[in-house]
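Commentary on secondary and tertiary structure
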Amino acid sequence: MATLKYFISGKKSPTEIKIRYLNGRAIQIVAGTNLFVDRQNWDKKNQKIRNVTAVPDRDKINSKLADLKNHIMNEANVDFMEGEILNRIWLEKCINKFFYRPSVDEKKALEYHKIYLTDFAEWWLKDKAPKFKVSADKYMDDTTIGHYEILKNLIKKYEGKDKIKFSLINNVLMDSFSEFLTAEKYAEETAKRMIGRFKFFCGRAEAENIKIDKSYEDRVFVKKDEIKYKAPYYNEIEISMHYAYDFSYNEVLDNVRDNLIIGLWTGLRVSDFNNKLKTDNFQDDFIEIETEKTKTWVSIPVHWMIAEILKKRNGALPKKINDADFNKHIKTIARILKFDQKMIGGISKVDPITRIKRKVVDLYPKYELITSHICRRSFATNIYGTVPNTTLMAICGWASEEQMLDYIKKTNREHAETLKKVWDSKYNKAI
């Protein structure tokens, strides 16, 4: 009959608690648990730590020792039936598995990235991310890697001096991380992205055969934003103001304005209209282009303002400009056009210490809230309701109405005014 017994040996104190596995005369194995106790606090008869205040974690340790016995006995039964050799190496593996410890070659240094989350994140982002496929022919780019670097730094702030071990990750810790994000005043959507990236690292760790409690995959609730707001967009009158303004005195602003108009009347992302779009994409009265992000082909009719811009430039498109400068200059243009009405919005600001970027919600002049994404947002908002939803989805390359509706930024009052115009037209005619 197989038995397990804890014991201590030698004269040193503290000393390691060891375990002996016996199964008749054929199998007698001893291994250390890596748990230590002062000799005077060890109860030899009951094979556990005495009930003394000198060891405040005694109940937790004794409970773990009892669970370890059950774990080893279960492993022994299964492994014996499968033909495994029960020896010291096997027993050490059982103990390491129970304590979520990695298997370590005695000749190699301990691999901390198999124990701690942030060590793993640093290792993975350096060694694995550049070769990680995000699609059939595309690897994770530097921008995306940067997003995960931000999350790694945020986890470091959350954990403080006590690094998070993979053995401690579960749904309770995920909820705690969510509460931390709320306390740090992260916007609801930002917090959701951070939690998603946290789970991404857990998934990558599992792919490296690191054991994690599956409850980390449970749904994590995030506190809703106390202040609700809609991101800004340009209506058709405001777009016309851009088009009509004479920027000929400033070649850079004139060029940026023309690129902006193209974005506003195509609904393309900045990575497409400001980087990828070429005159070859213009076929008759349509733009045919494969989008950079989703690799889907879209077809967009050429708006008359875009046609006039091409005519002004003798058939050429405006010069390309890097995204950071584009975002800076469209704010300048909005300020020149006096789009300075105050509105609630979120501006991303970088913490000077942690270098973590977060969205700060407050009242800002509209021009401060303008970014390149206003192009796609304005296109969707202005076109919505004038054509079937399926048409708008096809033009913008959205797979679902939910994705489309996320871009519609009309206020309730604007929707009501649209309905009023329909009623006025209908009933005035009837009268």
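Presented here is an overview of the structure given in this document. These numbers were taken from a predicted model, which means no experiment stands behind them. (Residues numbered from 1 in each chain as written. Predicted model: local features only at pLDDT ≥ 70, side-chain atom pairs only at ≥ 80, totals over all residues. Heavy atoms only, no water.)

Take helix α2 (residues 88-98) next. Taken together, the buried positions of α2 are occupied by W90, L91, C94, I95 and F98. Down the axis of α2, the sector holding all buried residues measures 140°, keeping them to one side. For α2, the elements touching its buried residues are β2 (15-23), β3 (27-37) and α1 (58-81). The positive-phi residue at the C-terminal boundary of α2 is Y100, with phi of around 55°. (Buried < 20%, exposed > 50% of the residue type's maximum accessible area, 1.4 Å probe, protein only. Helix = DSSP H or I, 4+ residues; strand = E, 2+ residues; numbered from the N terminus. Arc of directions from axis to C-beta. Contact = heavy atoms within 4.5 Å.)

A sheet is described by the order of its strands in space; here three strands give the open sequence β8-β9-β10, paired in antiparallel fashion. One side of each edge strand has no neighbouring strand; the edge strands of this open sheet are β8 (282-283) and β10 (297-301). Examined bridge by bridge, strand β9 (residues 286-290) and β10 share five bridges and lie antiparallel to one another. The partner of I289 across the bridge, within β10, is V298. (Pairing = 2+ DSSP bridges.)

A grouping of V78, F80 and M81 is seen on the molecular surface, where their side chains present a nonpolar patch of about 360 Å² in accessible area. As for its position among the elements, F80 is in helix α1. Owing to a relative accessible area of 59%, F80 belongs among the exposed residues under this scheme. (Patch = residues over 30% accessible without salt bridge, like charges linked within 9 Å, V, L, I, M, F, W, Y side chains within 5 Å. Areas by Shrake-Rupley, 256 points an atom, 1.4 Å probe, with all protein chains shown as cover. Salt bridge = Lys/Arg side-chain N within 4 Å of Asp/Glu carboxyl O.)

When two helices pack together, their arrangement is captured by the angle between the axes and the distance separating the axes. α2 packs onto α1 with a crossing angle of 130° between their chain directions and a minimal axis gap of 10 Å. Here α1 is positioned oblique relative to α2, judged by the angle of their axes. When the axes of α1 and α2 are compared, the crossing they make is right-handed. Side by side, α1 and α2 meet where K64, D67, L68, H71, I72, E75, A76 and D79 of the first sit next to W90, L91, C94, I95, K97 and F98 of the second. In terms of residue class, the contact of α1 with α2 is made up of eight nonpolar, one polar and five charged. (Axes fitted to C-alpha atoms, helices over the stretch in contact; angles between N-to-C directions. Parallel < 35°, antiparallel > 145°, perpendicular 65-115°, else oblique. Left-handed = near helix turned anticlockwise from the far one by under 90°. Nonpolar A, V, L, I, M, F, W, Y, C, P; charged D, E, K, R; others polar.)

Once that is clear, we can look at the packing of helix α4 (residues 142-159) against helix α6 (residues 188-207). As a packed pair, α4 and α6 sit with axes 10 Å apart at the nearest point and diverge in direction by 90°. What the angle tells us is that α4 and α6 run roughly perpendicular. When α4 is examined against α6, the residues H147, Y148, I150, L151, L154 and I155 are found in contact with a partner set consisting of M194, R197, F198, F200 and F201. Classifying every residue of the contact of α4 with α6 gives nine nonpolar, one polar and one charged.

This brings us to a negative patch on the surface. A surface patch of negative charge is lined by D175, E179, D213 and D218. Using a relative accessible area of 35% as the deciding quantity, one classes D175 as partly exposed. (Lys, Arg positive; Asp, Glu negative; His and termini not counted. Charge placed at Lys NZ, Arg CZ, Asp CG, Glu CD.)

Of the residues making up helix α13 (residues 389-396), those classed as buried are L392, M393, I395 and C396. The buried side chains of α13 occupy one side of the element, clustering within an arc of 165° when seen end-on. The outward face of α13, more than 90 degrees from its buried face, is lined by the exposed residues T390 and A394. For α13, the elements touching its buried residues are β10, α12 (374-383) and α14 (401-405). At the exit of α13 stands G397, carrying a positive phi of roughly 80°.

Note that all results are geometric; they support no functional claim without further evidence.
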